[in-house]
Amino acid sequence: MSEHSTYTPGTGIEKWLDERLPIIRFSKEHLMDFPTPKNLNYWWTFGAILVMCLAVQIVTGIILAMHYTPNVALAFDSVEHIRRNVNGGRIIQATHAVGASMFFAAVYIHIFRGMYFGSYKAPREILWILGVLIFLLMMATAFMGYVLPWGQMSGWAAQVITNIFSFIPIIGTPLLELLRGGFTVDNPTLNRFFSLHYLLPFVIAAVVALHIWALHVPGNNNPTGVDVKDSRDTLPFHPYYTMKDAFGMVLFMIPFAWFIFFAPDILGHPDNYVQYNSQVTPAHIVPEWYFLPFYAILRAIDFNLLFINSGLLGVIFFGGSILILFLLPWLDTSKVRSGNFRPMFKWFYWLFVINFIGLTYLGAQPAEGIYVILSKICTAYYFLHFIVILPVLGRIETPKPLPTSISESVLGKAHA
Amino acid sequence: MADNHKDPKNRRDFLFVATGAVAAVGAAATVWPLINQLNPDASTLALASIEFGLDGIEEGQSVTIMWRGLPVFVRYRTADEIAEAKAVPLSELKDPATDESRTKEGHEQWLVMLANCTHLGCIPIGEAGEFDGWSCPCHGSQFDTAGRIRKGPAPTNLIIPPYEFVSDTLIKIG
C-alpha cells in the first residue's frame, strides 16, 4: 500500500538508503502512517499484545536454553537448577511458563474477536488462514515445550499426543516410531522436541510477518464490519494505535506479572514436579488449560463408526475441530461481517462461546459418568455450529441496517 | 508435426525434463537420510528380546517388567478371574477374542500384555474398574481380566507381545 506513503527522504544518508533498502519508507508506511479504522475497540489491541507475547517467549526461551540440558537423566534436574541456582532464573523460567498461558489467553481472545466481527470474511480469508496456521504452530510449540522439563505430566503428554499418530492406517506404527525415535517416548524424543521447540517460534515469527502483510493489503476490519470509504474513517497507526496498544499491553502485564511474582506454578500441575516414570501414569492426566477443549473432544469419541475404530475417529474429530477453522470463511454465508448487526448470530455466537468454555471444563474432569455424556453433547454442538448453524444463519437471518460509513457510526448521522 | 523430432526445441525439452527428473531423484535421495535419522537408532533396536523368571510371583499378583523400553504386565490370574473372563460372551466384546487366544495353552493363569493402553498409551491401573481388570486413568478405558477392552475409547484389547514359555517358570519375550 505504497500509495499511503508520504515519506520523502530528508538527509543524504536516508536518500542513499532509500534507493538500496527502503526500510525507513517501509516502517513509515506500515508502522506509522498506516491508515487504521478510527473505531477499533480494545479487542483489537490483542494483535499487538500477541506480538509482545511472542517476543517475550523467544527472549526468555533463548536464555533458558543456555541453562537447560535435553537429556532424560538431566532434564528434570536442569529445570530445577534454573529455578534455584541460575541468577534470576526463577523469574525467567516463570515468565516463560506463565508466558505460554498468557500467549494462549490472548490468542483465544484474538480468535474469538475475529469470529464475532467476521474478520475472516472476504477479502481477509488468507489473513484468517495464516492465523489458524499460527495457532497450530503455537500448539505444536507449546506441546513440545511442555515435554522438556520431563516431569510426569510432560512425559505422559508426549506419550498420549504422539500416540495419536498410531491410529493412521497402515503407516501409523512406523510413523510413530519415526516421530519418537524409539518404541516409546525416550531420550531421542526429548532431544528432537528440544530442537524443534527452539526452531518453531522463528517459523511462527515468519508466519506472523505474512499474517501482518495479509492484514495490510485489505487493511483492518473494524467493529462495524463496514469497509473504509475515505480518509475520514481512518487514523494513522502512530501515534493513535501505538499509544492505545501500549496502554493495553500495560494492562495485560498486570495479571501476567501477578502470576510470575505471586503464583508462578498455579497454572501448572503438581504432578509435573515428579520426574517422568514410564511405568506409572499419573492418576489423572490433564493437559495445560489451553488444550482442554480439544482434549475433551478427543476423549468424547469412544465409539466406532462404520469401519472406523474409536481411536482413529477420535483423532479425526480432534484434528477436525481445529482444521474446520480453515473453512470458516466459506462456512459463514452471511454477507454482513460484524456480529453487531446480526441479531440471531449474536445468540449463537455466545452459545458457541459457552459451549467452548464447557468443553474446557469437561476436559479437566475425569472421563466417567455424566462428564462423558456432556462431552459428547458439547462436541456435537461444536461441529454443528460450523457445519449447520453458520451456513443456515446467513440465509435465514435479516441483518440490522448497516451504517453507511465508519464515520457515521462513530459520530452519528446528524454530524456525518 | 512429422518433422518435429528434428526440431532442436524438442531435443532441448527432453534434456530439460531429464535433468529435472534426475535432480528430483537426487533431492529425494539426499533428503531421505535426513528423515531416516529420526527412526529408532541401533542402541534402541538392540533391546529386542528378554527372558523373565515367573517363580516368586504369587497367585493374584502382577508385576511390570521392561521390554524394548515398554512396560509389560505379567499377571498370575486367580481361578475366579479366569472363570470370569471365560464366561463373557464374544458378542459383548468390542474387539472379540477368546480368553484362550490371549494366553498360552497350559499356562492360562499367566497373562502377559504390553501395559500401554491401546488408546493413547497411558498405563492402566490394575485390579480396577467395572470389569475387575484394568482401568486407564487418562481417558477412561476399562479392560477385563483377560485385558480385553470393554468400555471407553480404546479401540482394541491390550496387546499381547510375542512371547513363549521356555520352561514352566521362564518366559522369553520378543
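Everything that follows concerns the structure shown earlier in this document.
Residues numbered from 1 in each chain as written. Chains lettered and ligands numbered in written order. Predicted model: local features only at pLDDT ≥ 70, side-chain atom pairs only at ≥ 80, totals over all residues. Heavy atoms only, no water.

Side note on the pairing of strand 2 (residues 62-67) of chain B
Residues and elements named next belong to chain B.
Argument step 1. Pairing between strand 2 and strand 3 (residues 70-76): 6 bridges, direction antiparallel. In the sheet register, I65 faces strand 3, and the bridge partner there is V72.
Argument step 2. Between strand 2 and strand 3, which pair antiparallel in sequence order, lie 2 residues; one of them, R68, sits at a positive phi of approximately 55 degrees. (Pairing = 2+ DSSP bridges. Helix = DSSP H or I, 4+ residues; strand = E, 2+ residues; numbered from the N terminus.)

Some points on the sheet that holds strand 5 (residues 125-126) of chain B
Pairing between the strands of a sheet is mediated by backbone hydrogen bonds and can be parallel or antiparallel.
Argument step 1. An order of 5-6-7-8 (chain B) is seen for the 4 strands of this open sheet, with the pairing classed as antiparallel. The sheet is open, and its two borders are formed by strand 5 and strand 8 (149-151) of chain B, each paired with just one other strand.

Notes on a negative patch on the surface
Residues and elements named next belong to chain B.
Argument step 1. There is a patch of like negative charges on the surface, built from E59, D80, E84 and D132.
Argument step 2. One can find E59 in the loop between strand 1 (50-53) and strand 2.
Argument step 3. E59 sits in the partly exposed class, given a relative accessible area of 49%. (Patch = residues over 30% accessible without salt bridge, like charges linked within 9 Å, V, L, I, M, F, W, Y side chains within 5 Å. Areas by Shrake-Rupley, 256 points an atom, 1.4 Å probe, with all protein chains shown as cover. Salt bridge = Lys/Arg side-chain N within 4 Å of Asp/Glu carboxyl O. Lys, Arg positive; Asp, Glu negative; His and termini not counted. Charge placed at Lys NZ, Arg CZ, Asp CG, Glu CD. Buried < 20%, exposed > 50% of the residue type's maximum accessible area, 1.4 Å probe, protein only.)

Comments concerning the pattern of salt bridges
All names here are of chain A.
Argument step 1. This model, assessed by the stated rule, comprises 20 salt bridges over all chains.
Argument step 2. We note a salt bridge from K121 to D332, for which the minimum N-O separation is 3.2 Å. Placement of K121 in the loop between helix 5 (89-116) and helix 6 (125-147) and of D332 in the loop between helix 12 (310-331) and helix 13 (343-363) is noted, with a sequence separation of 211 residues between them. Across this residue pair, the class does not change: K121 and D332 are buried.

Regarding the packing of aromatic side chains
All names here are of chain A.
Argument step 1. For the coordinates displayed, the defined rule picks out 45 aromatic pairs over all chains.
Argument step 2. Where Y116 meets F345, the ring centres are 6.4 Å apart and the plane angle is 45 degrees; that geometry is what we call tilted. Taken together, the residues span a long stretch of sequence, with Y116 in helix 5 and F345 in helix 13 at a distance of 229 residues. For the pair formed by Y116 and F345, the shared burial category is buried.
Argument step 3. Sitting above the plane of the W44 ring, R113 keeps its charged end 4.5 Å from the centroid.
Argument step 4. Sitting above the plane of the Y42 ring, K244 keeps its charged end 4.6 Å from the centroid. (Phe/Tyr/Trp six-rings, centres within 6.5 Å; stacked < 30°, edge-to-face > 60°. Lys NZ or Arg CZ within 6 Å of the ring centre and 35° of its normal.)

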